[in-house]
Amino acid sequence: MDVRIESSWKDVLKEEFTKPYFIQLVQDIKRSYQHGAVYPAAKDIFRAFELSSFTNTKVIILGQDPYHGIGQADGLAFSVARGIAFPPSLQNIFLELKTDLGIPIPTSGSLEGWAQQGVLLLNATLTVEASKPGSHQKKGWEIFTDAVIQTIASRKEHLVFMLWGSYAQKKNAFIDPKKHLILQAAHPSPLAAHRGFFGHKPFTKANTYLMDTGQQPITW
C-alpha cells in the first residue's frame, strides 16, 4: 500500500504498510472521513512523521488521542494549531517548561518548532471523531504506533522517551533503558499533573542527555 509518509519512515516501516491490519485500518479511516467530522485533517494524519524524520528523530513524546474539538488537532501530539486556545494538558506542559527552563509561556500552542528539531510528537491513535474521545481506538492505530516505537527503539541509540501517564509508560516494554533515556512522569492533564508531572524537569534532563551523547539539544 502506498502511504504518503516521509521517505526515511517509509523505508523502515514499509513492511508494516503491507500487513492486513493496516490495509483494513486505512479502509476504515477513509470511510470515517467520508461520513462525518474526523480530526486531524486527512492531510495531517502523518504530520508528526513529516516534520520529524526517522533519521532526525531524537526525542519521542507519546500522547494517546488527537484533540477532538473543532480546529484543535494538527497532527502532533499535545500540539494545537496557531490561534487555538491551549487545552489543559498543553497549558501544564508549558507551565513545567517555564519552571524547568525559565521559558515564558508561548503565545502559540503549536509545537511544530519542536518537531522540526527531531521531537516525534506521536499519538497512539492518529485519528478521532469529533467530540468522541477514544472513538478510533482499537481499530489498528495502536498496532501501527507500537511498531513505530519498537522500530525506532531497536534501530537507533541515545533517544529520549518521555512517557507521561500510565498509558505511555506501558511502552517501556519496547525500549531498552541501556540504549535510551526513559523519562517517566504523571500525565500533564489537570487530573494528574500534581502527582508527579510538575517538577520532574524533563526538558533539562533531555537536553543534558542529548549533549552527553554528542547530540544537539532541543531549543524548547
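Because the structure is a prediction, the values reported are computed rather than measured.

Along the chain, Ser8 turns up in helix 1 (residues 7-13). A distance of 2.5 Å separates the side chain of Ser8 from the side chain of Glu6, its partner in a polar contact. Sequence-distant contacts of Ser8, defined by excluding residues within four places in its chain, comprise Ser53, Phe54 and Thr55.

Before going further, it helps to examine the nonpolar core. Of all hydrophobic cores here, the largest spans 66 residues; its most connected members are Trp9, Phe46, Phe49, Trp114, Phe144, Met162 and Trp220. In contact with Met162, not counting residues within four places along its chain, are Val59, Ile60, Ile61, Leu62, Leu183, Pro202, Phe203, Ala206 and Trp220.

Between helix 4 (residues 88-101) and helix 8 (residues 202-212), the shortest axis-to-axis distance is 8 Å and the interhelical angle comes to 60°. Taken together, the axes of helix 4 and helix 8 lie oblique to each other. Here Ile93, Glu96, Leu97, Asp100 and Leu101 of helix 4 lie close against helix 8, whose contacting residues are Pro202, Phe203 and Thr204. Looking at the contact of helix 4 with helix 8 residue by residue, the classes come out as five nonpolar, one polar and two charged.

Attention shifts here to helix 2 (residues 20-35). Counted at 1.5 Å a residue, the expected span for helix 2 with its 16 residues is 22 Å, and the 23 Å between its end C-alpha atoms agrees. Burial in helix 2 covers these residues: Tyr21, Phe22, Leu25, Val26, Asp28, Ile29 and Ser32. Along its buried surface, helix 2 packs onto strand 1 (38-39) and helix 6 (141-155).

Position of Lys98 relative to the elements: it lies in helix 4. The class for Lys98 is partly exposed, based on a relative accessible area of 45%. In sequence terms Lys98 and Lys201 are 103 residues apart; their C-alpha atoms lie 9.9 Å from each other. Setting aside chain neighbours within four positions, we find Lys98 in contact with Ile103 and Ile105.

A word on the pairing of strand 3 (residues 119-123). In terms of residue burial, strand 3 counts as a mostly covered element, since five of its five residues are buried. Of the two faces of strand 3, the one holding Val119, Leu121 and Asn123 and the one holding Leu120 and Leu122 are both buried throughout.

Our next topic: the packing of aromatic side chains. Enumeration according to the criterion identifies 18 aromatic pairs in this entry. Members of the aromatic cluster, each reached through a chain of ring pairs, are Trp9, Phe17, Tyr21, Phe22, Phe46, Phe49, Phe54, Trp141 and Phe144. A cation sits over an aromatic face here: Lys156 above Phe54, 5.3 Å from the ring centre.

It is at 9 Å that the axes of helix 2 and helix 6 come closest, and there the two elements cross at 125°. As the angle between them shows, helix 2 and helix 6 are arranged oblique. The two elements helix 2 and helix 6 cross, and the hand of that crossing is left-handed. Seen from helix 2, the contacting residues are Tyr21, Phe22, Leu25 and Ile29; seen from helix 6, they are Trp141, Ile143 and Phe144.

Before going further, it helps to examine the environment of Phe144. With respect to the helices, strands and loops of the structure, Phe144 is situated in helix 6. You can call Phe144 buried: its relative accessible area is 0%. Along the sequence, Phe144 and Leu126 sit 18 residues apart, while their C-alpha atoms lie 9.7 Å from each other. In contact with Phe144, not counting residues within four places along its chain, are Leu13, Glu16, Phe17, Tyr21, Phe22, Phe46, Phe49 and Leu126.

Here we come to the pattern of salt bridges. As enumerated under the stated definition, the model contains eight salt bridges in all. The shortest N-O distance in the salt bridge between Lys43 and Asp44 comes to 3.3 Å. In this structure Lys43 comes out as exposed when scored by relative accessible area, which is 72%. When its relative accessible area of 15% is taken as the criterion, Asp44 is described as buried. Of the charged contacts in the structure, one is a salt bridge between Arg47 and Glu112, with a shortest N-O distance of 2.6 Å. Of this pair, Arg47 sits in helix 3 (residues 47-51) while Glu112 sits in helix 5 (residues 112-115); the two residues are 65 residues apart in sequence, bridging distant segments of the chain. One salt-bridge network, in which partners are shared between bridges, spans Arg47, Asp74, Arg82 and Glu112.

Each value, and the rule that gives it
Sequence order as written defines residue numbering, which begins from 1 separately in each chain. With the structure being a predicted model, the display of local features is reserved for residues of pLDDT at least 70 and the display and counting of side-chain atom pairs for 80 or more, all residues being used for whole-chain, interface and lining totals. For the side-chain quantities, the full set of heavy atoms in the structure was used; hydrogens and water were omitted. Going along the chain from the N terminus, every DSSP run of H or I of four or more residues is numbered as a helix, and every run of E of two or more is numbered as a strand. Under this definition, polar contacts are N or O atom pairs within 3.5 Å; protein pairs additionally need one hydrogen-donor-capable and one acceptor-capable atom, and for neighbouring residues in sequence, both atoms have to be side-chain atoms. A contact between two residues is defined here by any heavy atoms of the two lying within 4.5 Å. Only buried Ala, Val, Leu, Ile, Met, Phe, Trp, Tyr and Cys residues count toward a nonpolar core, and they belong to the same one when joined by side-chain atoms within 4.5 Å. The buried label applies to any residue whose accessible area, calculated with a 1.4 Å probe on protein chains only, is under 20% of its type's maximum; exposed applies above 50%, and partly exposed to all values in between. Here an axis means a line fitted to C-alpha atoms, over the contact stretch when the element is a helix, while the angle between two N-to-C directions is reported on a 0 to 180 degree scale. Orientation labels follow simple angle bins: below 35 degrees gives roughly parallel, above 145 gives roughly antiparallel, 65 to 115 gives roughly perpendicular, and whatever is left gives oblique. For this classification, the nonpolar set comprises Ala, Val, Leu, Ile, Met, Phe, Trp, Tyr, Cys and Pro, the charged set comprises Asp, Glu, Lys and Arg, and every other residue, Gly included, is treated as polar. To estimate how far a helix should extend, the number of its residues minus one is multiplied by 1.5 Å. Pairing of aromatic side chains here covers Phe, Tyr and the six-membered ring of Trp, requires ring centres within 6.5 Å, and sorts the geometry by plane angle: under 30 degrees stacked, over 60 edge-to-face, intermediate tilted. Any Lys NZ or Arg CZ that is within 6 Å of a ring centre and within 35 degrees of that ring's normal is treated as a charge sitting over the ring. For a crossing to be left-handed, the near helix must be turned anticlockwise from the far one by less than a right angle; the clockwise case is right-handed. For salt bridges, the criterion is a side-chain nitrogen of Lys or Arg within 4 Å of an Asp or Glu carboxyl oxygen.

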